[in-house]
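Given next are the chains, with one letter for each unit.
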Amino acid sequence: AKGNAFFTGFGKNKRIALFDTLVEKQSVDELVGVLAHEIGHHKKGHVWKGFVLSAVQTGATLFVLSMALRWTALFDAFFVFPSIHTGFAVFGLLFSPVSFLLSLPLHALSRRNEYEADRFAAETLGTGQALSSGLRKLSADSLANLTPHPFYVFLHHTHPPLAERVRALR
């Protein structure tokens with residue numbers, strides 16, 4: 001029921017997906033604004049940079065997991081018998097806060113990328129009006145909180161709040 005759009009792929013396999021619910025609810029100008037935003041992600045290299053960061057993070061996590069599965073003191077601290085199953089459970093418990101902390105700079109980077117793609121769309125189209133209007137409709141359809149607390153945004157949001165994006169597009 002929600003509208004969405006995203007850019008994905010590498011090389012000759014690049015795609016921009018516009019959900020049919022988005023196409024049904026937005027004007028042609030708004031769709032062009034959303035499309036320009038998604039093209040901005042491509043032109044600014046956000047997809048491949050995100051892929052590289054995710055690969056590095058996944059590799060580092062798996063490396064730490066492999067070390068933790070062989071660290072007997074970890075099992076002793078939890079009074080459990082060393083096994084792959086308990087190792088995954090203990091690692092999940094201990095790595096969860098670390099993962100949360102690692103997500104903070106990644107979320108900040110994602111929010112910066114959104115502003116950059118918005119700016120690209122506004123510069124390409126000569127105005128940010130169509131994208132602003134399209135973003136308003138998207139937020140209304142998804143029942144987004146229009147004024148989340150800045151600290152909550154810092155902790156959890158990968159996209160800036162609508163009011164800030166619209167302000168930046170002006």
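Anything mentioned here points back to the structure above.
Notes on the structure in this doc start here. Sequence order as written defines the numbering, with residues in each chain counted from 1. Reporting of local features is limited, given that this is a predicted model, to residues whose pLDDT is at least 70; pairs of side-chain atoms are given and counted only at 80 or more, and all residues count toward the totals for whole chains, interfaces and linings. Derived side-chain values reflect all non-hydrogen atoms in the structure, with water molecules and hydrogen atoms excluded from consideration.

Some remarks on the packing of helix α5 (residues 84-125) against helix α8 (residues 162-169)
Piece 1. All axes are obtained by fitting lines to C-alpha atoms, using only the stretch in contact for helices, and the reported angles, taken between N-to-C directions, cover 0 to 180 degrees. Counting from the N terminus, the helices are DSSP H or I runs at least four residues long and the strands are E runs at least two residues long. Across the interface, α5 lies against α8 with an axial gap of 10 Å and an inter-helix angle of 40°. Between α5 and α8, the crossing angle belongs to the class labelled oblique. Relative to α8, the crossing made by α5 is right-handed. Note on element contacts: α8 touches α5 through Glu-164, Arg-165, Ala-168 and Leu-169, opposite Glu-114, Tyr-115, Asp-118 and Ala-122.
Piece 2. Broken down by class, the residue content of the contact of α5 with α8 amounts to four nonpolar, no polar and four charged. Roughly parallel refers to an angle under 35 degrees, roughly antiparallel to one over 145, roughly perpendicular to one between 65 and 115, and oblique to any angle outside these ranges. Two helices cross in a left-handed way if the nearer one is turned anticlockwise from the farther one by less than a right angle. They cross in a right-handed way if the turn is clockwise. Whether two residues are in contact is decided by their heavy atoms, any of which lying within 4.5 Å being enough. The residue classification treats Ala, Val, Leu, Ile, Met, Phe, Trp, Tyr, Cys and Pro as nonpolar and Asp, Glu, Lys and Arg as charged. All others, Gly included, are polar.

Comments concerning the side chain of His-46
Piece 1. By secondary structure assignment, the location of His-46 is in helix α3 (residues 46-69).
Piece 2. Only 3.4 Å separates the side chain of His-46 from the side chain of Asn-113, close enough to count as a polar contact.
Piece 3. Here the side chain of His-46 touches Glu-116 through a polar contact of 2.6 Å, side chain to side chain.
Piece 4. Not counting residues up to four positions away in its chain, the partners in contact with His-46 are Gly-40, His-41, Asn-113, Glu-116 and Ala-117. Counting of polar contacts relies on pairs of N or O atoms within 3.5 Å, with two restrictions inside protein: one atom must be capable of donating a hydrogen and the other of accepting it, and residues adjacent in sequence are counted only when both atoms are side-chain atoms.

Re the side chain of His-41
Piece 1. Within the fold, His-41 resides in helix α2 (residues 28-43).
Piece 2. Note on classification: 1.4 Å probe, protein chains only; a residue is buried when its accessible area is under 20% of the maximum for its type, exposed when over 50%, partly exposed between these limits. Among the residues examined, His-41 registers a relative accessible area of 9% and is labelled buried.
Piece 3. With sequence-adjacent residues up to four places away left out, His-41 is seen in contact with His-46, Val-47, Asn-113, Glu-114 and Ala-117.

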